[in-house]
Amino acid sequence: MNKLGRFCIATLCVAAPFTASGGEIGEIQWHGFLTGAYMATSGAGEDVHYSGDISDKGTTKDTRLGLTVTTQVDEKWRFAAQMKAKGVEDYSMEMDWAYATYDYSDGFAVNVGEIKYPVGLYNEYAEVGYTYPWIRAPEAFYNQNAIGPNMTPISYSGVGLVFTSIGDETEFDFNLFGGLLDVPDGHLNQLIGAKLGFNWADMLRLQLSATTGIMEIETGPRAPMNNKQHTTYAAGIGLDMESLVFSAEIGRSTMGVDRMKTTTGYAMMGYRFGDFMPHVTYGHWDVNGGWGQEEITLGLRTELTSNTALKVDVKQVTPGDNPNDDGGYGLFNTKPDEDNVLIYGVALELVF
């Protein structure tokens, strides 16, 4: 089986039940994923921590285990949920999402519940590390910290209308969604979003999205955004041509306060040599207030079996000169000793 096929199978089995049958009526199916990871910084300094509690001392807190359950309730209704335990949260089990899908017709479905956030090429399976090249998806776009780019939450509570059109080699999908979104220190109320996707022969993927909502943050450093409108725009492209792999995404977010306007994006290129895929990624996010960071990642992914992969990443992070509202620099909790900090890691990825 080629590598693209492995990626697609892992995605369908573990993280995208709304696009695949849940099995026979009443049958409960379990799938899962495991990431065992070690990561450390070099040059950050004593008591300086990067997002996810990474420091010069090293950590295994990126280790995580997830379980997905799906079932075909009847001829029209399906249900799916994902539970996850992460080292950074002391392995406390939490629910990422849990929702029901009503298949009105072959080209139209309705999702109801706590639903996977559909923005981003990788976001709907961002926790399933086996499905992408890196140990962490590019943090210039996918980090969920309050001080980060704020483009890709895990899930939203509400309703999603999914329209699909499938041809011999093409697939279009349009997702119109709305509800409530939890954000650090508050909520995004009156969420309305739309995502348009295109897939050609599993070789080319395109995505455009836009969201808007009203911030509800009454305390903390982001309180000035309370009752302000939060709007995001994003675009992405992914290419998988057996050997050559490329993806890039850009985004823009506003939160009603000029200094919080954020521009973000990344580009990745990889090349497969048998079971090996070296790759390089450049990412950058910038906030009007003067913080953000630049990152360059060199990585190697190795297929061990059809369901396991070994990854090694080395990332150079250059945070902005100005501290954010929490006193940190980029995704560091305080100013690091060196202008350029290395973050290196190794991870074993497994789906089952």
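Residues numbered from 1 in each chain as written. Predicted model: local features only at pLDDT ≥ 70, side-chain atom pairs only at ≥ 80, totals over all residues. Heavy atoms only, no water.

**Student:** I'd like to hear about the overall build of the protein chain, residue by residue, with values.
**Tutor:** Each helix and strand in the protein chain was counted, giving two helices and 16 strands. Taken against the 2.2 N^0.38 rule, which gives 20 Å for 352 residues, the C-alpha radius of gyration of the protein chain at 20 Å falls within 12% of a compact globule. In terms of overall dimensions, the protein chain has C-alpha extents of about 60 × 50 × 35 Å along its principal axes. The 352 residues of the protein chain split such that 50% are buried. Considering only residue pairs separated by 6 or more positions, the protein chain has 57% of its internal contacts joining residues 24 or more positions apart. Entry remark: accessible area of the protein chain is about 15200 Å², with carbon and sulfur atoms responsible for 59%. Side-chain charges of the protein chain comprise 23 positive and 45 negative groups, with the mean position of each set lying 1 Å from the other. (Helix = DSSP H or I, 4+ residues; strand = E, 2+ residues; numbered from the N terminus. Rg over C-alpha atoms; globule rule 2.2 N^0.38 Å. Buried < 20%, exposed > 50% of the residue type's maximum accessible area, 1.4 Å probe, protein only. Contact = heavy atoms within 4.5 Å. Areas by Shrake-Rupley, 256 points an atom, 1.4 Å probe, with all protein chains shown as cover. Lys, Arg positive; Asp, Glu negative; His and termini not counted. Charge placed at Lys NZ, Arg CZ, Asp CG, Glu CD.)

**Student:** With reference to specific residues and values, describe the pattern of salt bridges.
**Tutor:** By the definition in use, this model includes 16 salt bridges. Measuring nitrogen to oxygen at the nearest pair gives 2.6 Å for the salt bridge that ties Glu-139 to Arg-136. Since its relative accessible area comes to 4%, Glu-139 is described here as buried. For Arg-136, a relative accessible area of 14% translates into the label buried. A salt bridge links Glu-139 to Lys-315; its shortest N-O distance comes to 2.7 Å. Placement of the pair is Glu-139 in helix α2 (residues 139-142) and Lys-315 in strand β15 (residues 308-319), with a sequence separation of 176 residues. Pair check on accessibility: Glu-139 and Lys-315 agree, each one buried. It is possible to trace a salt-bridge network through shared partners that takes in Arg-64, Lys-84, Lys-86, Glu-94, Asp-96 and Glu-127. (Salt bridge = Lys/Arg side-chain N within 4 Å of Asp/Glu carboxyl O.)

**Student:** Could you give an account of a negative patch on the surface, with specific residues and numbers?
**Tutor:** Where like charges cluster on the molecular surface, the negative patch consists of Asp-56, Asp-321, Asp-337, Glu-338 and Asp-339. Along the chain, Asp-56 falls in the loop between β1 (28-42) and β2 (64-72). According to the relative accessible area criterion, Asp-56 is partly exposed, its value standing at 36%. (Patch = residues over 30% accessible without salt bridge, like charges linked within 9 Å, V, L, I, M, F, W, Y side chains within 5 Å.)

**Student:** Tell me about the packing of aromatic side chains, and name the residues and values.
**Tutor:** For the structure shown, the criterion picks out 21 aromatic pairs. Relative to Tyr-266, the ring of Trp-134 has its centre 6.2 Å away and its plane inclined at 90°; by these criteria the two rings are edge-to-face. Of the two residues, Trp-134 is situated in the loop between β5 (108-116) and α2 and Tyr-266 in strand β12 (residues 262-271); the sequence distance between them amounts to 132 residues. Between Phe-163 and Phe-174 the ring centres are 6.2 Å apart and the planes differ by 35°, which places this aromatic pair in the tilted class. (Phe/Tyr/Trp six-rings, centres within 6.5 Å; stacked < 30°, edge-to-face > 60°.)

**Student:** Please set out the confidence of the model for the protein chain residue by residue, giving values where relevant.
**Tutor:** Averaged over all residues, the pLDDT of the protein chain is 92; the fraction at 70 or higher stands at 93%. Between residues 1-21, whose pLDDT stays under 50, and residues either more than four places distant or in other chains, the model counts 60 contacts. (pLDDT = per-residue confidence, 0-100.)

**Student:** Lay out the environment of Asn-324 with the relevant residues and their values.
**Tutor:** Along the chain, the position of Asn-324 falls in the loop between β15 and β16 (341-351). The class of Asn-324 is buried, set by a relative accessible area of 5%. Taking the C-alpha atoms as reference points, Asn-324 and Val-287, separated by 37 residues in sequence, lie 9.2 Å from one another. Filtering out sequence-adjacent residues up to four positions away, Asn-324 remains in contact with Ile-147, Trp-291, Tyr-329 and Gly-330.

**Student:** Please give an account of the pairing of strand β11 (residues 244-254) that cites residues and values.
**Tutor:** Looking at chain direction, strand β10 (residues 229-241) and β11 are connected through 11 bridges and run antiparallel. Considered in β11, the bridge of Thr-232 is made with Ser-253. If you look at the hairpin formed by β10 and β11, you'll find two residues sitting between the two strands, and Glu-242 has a positive phi there, around 70°. With 10 bridges connecting them, β11 and β12 associate as antiparallel partners. Each bridged residue has a counterpart across the sheet, and for Phe-246 the counterpart in β12 is Met-269. (Pairing = 2+ DSSP bridges.)

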